[in-house]
Amino acid sequence: MEIERKYRILTPPKDYESYPFHQIEQAYLCTEPVVRIRKEDDTCYMTYKSKGLLVREEYNLPLTRKAYEHLLKKADGIILTKRRYLIPIPDTALTVELDIFQGHYEGLMLAEVEFQTKEEADAFIAPAWFGPDVTFSGEYQNSRLSAV
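Residues numbered from 1 in each chain as written. Predicted model: local features only at pLDDT ≥ 70, side-chain atom pairs only at ≥ 80, totals over all residues. Heavy atoms only, no water.

Engineer: What am I meant to see in the pattern of salt bridges here?
Structural biologist: Between side chains of opposite charge, pairing is possible as soon as their charged atoms come close. Across all of its chains, the model carries 12 salt bridges by this definition. Between Glu-97 and Arg-84 there is a salt bridge; the shortest N-O distance is 3.5 Å. Here the residue Glu-97 occupies a position in strand E8 (residues 95–102), and Arg-84 occupies one in strand E7 (residues 76–88), the gap between them amounting to 13 residues. Accessibility classification places Glu-97 together with Arg-84 in one group, the buried group. When salt bridges with common partners are traced through the structure, they connect Lys-6, Lys-82, Arg-84, Glu-97, Asp-99 and Glu-112 into a single cluster. (Salt bridge = Lys/Arg side-chain N within 4 Å of Asp/Glu carboxyl O. Helix = DSSP H or I, 4+ residues; strand = E, 2+ residues; numbered from the N terminus. Buried < 20%, exposed > 50% of the residue type's maximum accessible area, 1.4 Å probe, protein only.)

Engineer: Can you help me understand the pairing of strand E2 (residues 21–31) in this one?
Structural biologist: The two faces of a sheet get side chains in turn, since along a regular strand they alternate between them. As paired elements, E2 and E7 share 7 bridges and run antiparallel to each other. Counterpart to Gln-23 in the pairing with E7 is Arg-83. (Pairing = 2+ DSSP bridges.)

Engineer: What am I meant to see in the side chain of Lys-49 here?
Structural biologist: Turning to its location among the elements, Lys-49 is positioned in strand E4 (residues 43–49). Among the polar contacts listed, one links the side chain of Lys-49 to the side chain of Glu-58, at a separation of 3.3 Å. Leaving out residues up to four positions away in the same chain, Lys-49 has contacts with Glu-2, Pro-33, Val-34, Arg-36, Arg-56, Glu-57 and Glu-58. (Polar contact = N/O pair within 3.5 Å; in protein donor to acceptor, adjacent residues only side chain to side chain. Contact = heavy atoms within 4.5 Å.)

Engineer: Honestly, helix H1 (residues 65–72) in this entry has me stumped. Any pointers?
Structural biologist: Structurally, the α-helix is built with 3.6 residues per turn, so residues lying three or four positions apart point the same way. Those residues of H1 not exposed but buried are Tyr-68, Leu-71 and Leu-72. In an axial view of H1, the angular spread of the buried residues amounts to 105°, which keeps them on one side of the axis. Against E2, strand E3 (34–40), E4, strand E6 (58–63) and E7 lie the buried residues of H1. (Arc of directions from axis to C-beta.)

Engineer: What is the right way to look at unusual backbone geometry in this model?
Structural biologist: Of all residues except glycine, most have a negative phi; of all peptide bonds, most are trans. Residue Pro-33 is reached from Glu-32 by a cis peptide bond, and omega for that bond is -5°. On the secondary structure map, Pro-33 appears in the loop between E2 and E3. The phi dihedral of Asp-41 falls on the positive side, at around 60°, and the residue is not glycine. Mapped onto the fold, Asp-41 is located in the loop between E3 and E4. A positive phi is found at Asp-91, a non-glycine position, where the angle reads about 65°. Tracing the sequence through the fold places Asp-91 in the loop between E7 and E8. The class for Asp-91 is exposed, based on a relative accessible area of 84%.

Engineer: Any chance you could explain the environment of Phe-101 here in plain terms?
Structural biologist: By the element assignment, Phe-101 lies in strand E8. Separated by 20 residues in the primary sequence, Phe-101 and Thr-81 place their C-alpha atoms 6.0 Å from one another. Excluding residues within four positions of it along the chain, Phe-101 makes contact with Thr-81, Lys-82, Glu-106, Gly-107, Leu-108, Leu-110, Asn-142 and Leu-145.

Engineer: What is the right way to look at the environment of Thr-92 in this model?
Structural biologist: In this fold, Thr-92 is placed in the loop between E7 and E8. At 3.0 Å, the side chain of Thr-92 forms a polar contact with the backbone nitrogen of Leu-94.

Engineer: Explain the nonpolar core to me, please; I cannot follow it from the model alone.
Structural biologist: Counting 19 residues, the largest nonpolar core has Ile-9, Val-96, Leu-98, Val-113, Phe-115, Phe-124 and Phe-130 as the members making the most contacts within it. Going through the elements one at a time, strand E1 (2–8), E7, E8 and strand E9 (109–114) are the ones with two or more residues in this core. Leu-98 has contacts with Ile-9, Pro-12, Tyr-16, Arg-83, Arg-84, Tyr-85, Ile-87, Leu-110, Ala-111 and Trp-129, leaving out every residue within four places of it along the chain. (Core = buried A, V, L, I, M, F, W, Y, C linked by side-chain atoms within 4.5 Å.)

Take a look at the structure:
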């Protein structure tokens, strides 16, 4: 189960580049339901996600690099590329996943925070540097961004 809130970021924290990051490339084989393939650094996997905005089912399956590259040729739409910075939120066990998009969406910045429970997500108070909460609009779901 994935429980996460998503925010548009207009101005990231000044020191965001000092945090650990992953280089991500991902594409979509299907958007209803969501079937995504992703290469995160040197790890590849396929993900199934059910419908939903704040709460939805999510399953990951490992892929070989060869299988990833084969499936990438079959993907629809835009291949998304981004650098994901992992920024801890002080005095909590939460981590901000700050995505700085490259390629087609160069300059787009989104932040996601994952939670253990829906109640925890509902009670979350975003850090001051976060922009608008776009969780419930669906406008910035990666599957939607990949559509041509």
